[in-house]
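Each chain, letter by letter, is given below.
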Amino acid sequence: MIAAFPPVSSLLSWGTAYVIVIWTIRLGSIVFVPLRRSPQAAASWLLLIVFLPIPGLLVYLAIGRPTFPKWRANRFAKLTPFFVDTASRLAEHAPSGHGNAQDIIDLATRLCGLPAVGGNEIKFLDVYDEMIDRLVADIDMARQHVRLLVYIFADDCTGRKIVAALARAVARGVVCNVLLDPVGSRSWRRRTLTALRGAGVDARETLSVTLWRPRDRNDMRNHRKLFIIDGLIGYAGSQNLIAKDFRPRITNLEMEVRVTGPVVAAMTSIFIADWFMETEIMLQAVVVVPQPTGTTVSQLLPSGATYRLSGFETLLVWQIHNARHRVILTTPYFIPNAALISAMRTAVARSVEVVLIVSAVADQKLVRLAQCSYYDDLLSAGVQIYLFGHYLLHAKNVSIDSRLGIVGSSNVDIRSFKLNEEVSLLLFDAPTIAELQVLQAHALAQSQAIDLQTWRRRPMLHRVGEGLARLVSPLL
C-alpha cells in the first residue's frame, strides 16, 4: 500500500501561513512589548520572541504583563479611605522633625502614604531558631488576635510549631488569621492549610494561582513577611515559617526585627489590606495605634504593583545617589537595573564606600549566574563585593551612612523592584542604624572579598553561562 502524502501546494500553503504567523508575532511584539517596561525587560522579551516566536508569545501572555488585572486595582482603590484614616492616626505620633532624615521620610510617605512615627522599640533577631521561639512565645501571650502574612509556611517541624501555638491561641478565644503565598508554599500548601484550618485558624492564600483567568499574572507574588500579635507586637524581615535547613546541604541565615510601638499599626494596616484584597472582608475598619514603647523613629514602606511607583527601588537608588560615606547592601539575590548600577558607580566616583554582601551558597542557579554577570562591571568601578560563606545569607538589609537603615523582605533585584508585593521597615535613628551596621560588620567578617583579577580568571564556561543568564535576567 502506497502512503498518501499531502499535495505540494498544501505544504506550501501551510508553510506560508506559518511564516506569516511568526512574522506577525515578531512585528507585533515590537509595537506592544516595550509599552510600560524598562528597556532591559523589553529587550529580553523581544529577544525571546524573535528567536522563539510561538513559545515566546505563550510565555509572554502568561507572565509578560507587569501589572495586576484591573479588578485588583479597583479593589485596592476601595482601600483609600482606610489608608487615609490610618495615616491620620499615625501622624499623631510623627516625630517633631527628624533632622537629616526628613527628606527620606517625606519621600517614603509620598510613595506609600504611611508616615514615619516615633516611640518604637526595635530588636534585631538574626538567630533563626531563636526568632521562631520568640514568635511562639508572643503567640502564646496573645489575647485578641494573631495575624501572619508569609511567603513560605511549611508543614515541617518549624511550621508545625507555629501551627501548635496558633491552635493554643484559638483555644483561648484568640482570633487567628493567616495569609500564605501558594507558590512560595507550594510543596506544603495543602497540608499546611489543612493543619491551620483544622486548628481553627482562618487561613487563606494570597494571589491564588488560576489557569482559567488568563489576565492574572501568576508569577507576581506576595513576598511579604509580617507577623502581628494583638496589634502591639510586629515582626518584619526575611524569615519564612520553615526549617532553616529545608533544602539539602543549605542552611538559611536570616534577619528579622521585632517591633513594638506605633509603627505596628502600619503593619496591621498592610495585613488588613492584603486580607481585603483576597477576601473583600475588612477585619477591622479602624486601626488602633499602640502607645510608644521606645525612642526609635521608623516607617513602614510597602511596595508592589498596586502602588504607583516602585517604592523600594525609588528610595534605594535615590539614597545611594545621596550617600556621603558608606553604603552596605546585603541581599541573597542581586539583579540590578541600569538605574541602580549607575547610582552605585556614581557613589564610588564621589569617594563613597559601596559594599555588596551576597551569599556564596546558592539555591537558585540561574539567578546566581545572572547576578555574577554584573560583578566585573561593578568591581571595575570600585564597588566592593563580598561572598558570605557556609550559609545561604537570605537576609535583606541596607545601611546608608547613619541616616537610613532598611530591613525587610525585598531583594535587590528586578523581581522585588517591579513584580512582587514587598514590605520594608525604614530606620532613622543613628543608634539603631549602628546596631544594624554591627550585624553587617559581623557578616563581612565571615565573608571573602572578590578580587577583580582573580574573578577575571574564572573558566570560560562560567562566563558563557553568565552571559546567557544575563539576557533573561530582567525576566527572573
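Residues numbered from 1 in each chain as written. Predicted model: local features only at pLDDT ≥ 70, side-chain atom pairs only at ≥ 80, totals over all residues. Heavy atoms only, no water.

Enquirer: Any chance you could break down the overall build of the protein for me, citing the residues and the numbers?
Expert: When you go through the protein residue by residue, the secondary structure sums to 18 helices and 19 strands. Summarising its shape, the C-alpha atoms of the protein cover approximately 85 × 55 × 45 Å along the three principal directions. In the protein, which comprises 476 residues, the proportion classed as buried is 55%. Looking at the protein alone, contacts between residues at least 24 apart form 81% of all its contacts between residues at least 6 apart. With the model as given, the accessible surface of the protein reaches about 20,700 Å², and the carbon-plus-sulfur share is 62%. (Helix = DSSP H or I, 4+ residues; strand = E, 2+ residues; numbered from the N terminus. Buried < 20%, exposed > 50% of the residue type's maximum accessible area, 1.4 Å probe, protein only. Contact = heavy atoms within 4.5 Å. Areas by Shrake-Rupley, 256 points an atom, 1.4 Å probe, with all protein chains shown as cover.)

Enquirer: Can you lay out the environment of glycine 234 for me, pointing to particular residues and giving the numbers?
Expert: Tracing the backbone through its elements, the reader meets glycine 234 in strand 6 (residues 233-237). The class for glycine 234 is buried, based on a relative accessible area of 0%. Between the C-alpha atom of glycine 234 and that of leucine 135, which follows or precedes it by 99 residues, the distance is 9.6 Å. Sequence-distant contacts of glycine 234, defined by excluding residues within four places in its chain, comprise Phe227, Ile228, Val257, Arg258, Val259, Val264 and Met267.

Enquirer: Describe unusual backbone geometry, listing the residues and the values that go with them.
Expert: Positive phi outside glycine occurs at glutamate 280, with the angle close to 60 degrees. Mapped onto the fold, glutamate 280 is located in the loop between helix 10 (263-279) and strand 9 (296-303). Looking at glutamate 280, the relative accessible area reads 45%, which means it is partly exposed. A positive phi angle, near 50 degrees, is found at aspartate 401, a position not held by glycine.

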